[in-house]
Amino acid sequence: AHLKKAGQIEVPQWVGIQKTASHRELSPYDPDWYYVRTAAIARQVYLHHGIGIGHLTIRYGGAQRRGVKPNRFHRGSTLVARSCLKSLESLGLVEKARDG
């Protein structure tokens, strides 16, 4: 709620149609899901210093339902993780580590 009220984050145009992961069937119903994900990623960066895009995609991944076959793990969207981190970086809440 704070990120939305501040009005400093520019929400990308693709937010209305983008799925949050490859194993999801639809995009989120909540119109404010981008702010929620950005806040969640900010919390993860605070708790785990030096976290990267790869770890965030694992963190926000889940089980892909494959019908009769057993479920398998699939990663979350790198586009969402990257754009959220760029938004946080533009606000000055996150900065890149020296080693990547």
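Check the entry above for the structure.
Okay, so let's go over this structure. Predicted model, so just to flag it, every value in this text is computed and none were measured.

Some thoughts on the pairing of strand S2 (residues 69-74)
Thought 1: Pairing of strand S1 (residues 62-66) with S2, which is carried by four bridges, proceeds in the antiparallel orientation. Note on S2: the bridge partner recorded for arginine 66 is lysine 69.

Quick notes on the nonpolar core
For soluble globular proteins, nonpolar side chains are generally found buried alongside one another.
Thought 1: Of all hydrophobic cores here, the largest spans 17 residues; its most connected members are Tyr34, Ile41, Val45, Leu56 and Leu85.
Thought 2: Breaking this core down by element, the ones donating at least two residues are helix H2 (33-47) and helix H4 (78-91).
Thought 3: If near-sequence neighbours (up to four positions away) are discounted, leucine 56 is found in contact with Ile41, Gln44, Ile51, Ala81 and Leu85.

Examining the layout of surface pockets
Thought 1: In this structure, the largest pocket encloses a volume near 490 Å³.
Thought 2: Along the wall of the largest pocket there are 18 residues; nearest its centre are Ile51, Val94, Glu95, Lys96 and Ala97.
Thought 3: Mapped by element, the contributors of at least two residues to the lining of the largest pocket are H2 and H4.
Thought 4: It is H4 that contributes the most residues to the lining of the largest pocket, four residues altogether.
Thought 5: For the lining of the largest pocket, the residue count by class is eight nonpolar, four polar and six charged.

Conventions adopted
Counting restarts for each chain, with residues numbered from 1 along the sequence as it is written. Local features in this predicted model are restricted to residues whose pLDDT is 70 or higher, and side-chain atom pairs enter the listing and the counts only when it is 80 or higher, whereas totals over whole chains, interfaces and linings include all residues. Excluded from the side-chain calculation are hydrogens and water; included are all heavy atoms of the structure. At least two DSSP bridges between two strands are required for those strands to pair. Helix numbering and strand numbering both begin at the N terminus, where a helix is a DSSP run of H or I of at least 4 residues and a strand a DSSP run of E of at least 2. For the purposes of this section, nonpolar cores are sets of buried Ala, Val, Leu, Ile, Met, Phe, Trp, Tyr and Cys residues that join through side-chain atoms within 4.5 Å. Think of it in three bands: residues with accessible area under 20% of the maximum for their type are buried, residues over 50% are exposed, and the middle band is partly exposed, with areas taken using a 1.4 Å probe on protein chains only. Only heavy atoms enter the contact rule, under which two residues are in contact if any of them lie within 4.5 Å. Residues are called lining when one of their atoms sits within 4 Å of a cavity or pocket point, these points coming from a 1 Å grid over the protein atoms alone, where a cavity is a set in which a 1.4 Å probe fits but cannot get out and a pocket is an open set with protein on both sides within 12 Å along at least five of seven lines. Grid points are joined across faces, edges and corners, and a volume is the space filled by probe spheres set on the points. Residue type decides the class: Asp, Glu, Lys and Arg count as charged, Ala, Val, Leu, Ile, Met, Phe, Trp, Tyr, Cys and Pro as nonpolar, and the leftover types, Gly among them, as polar.

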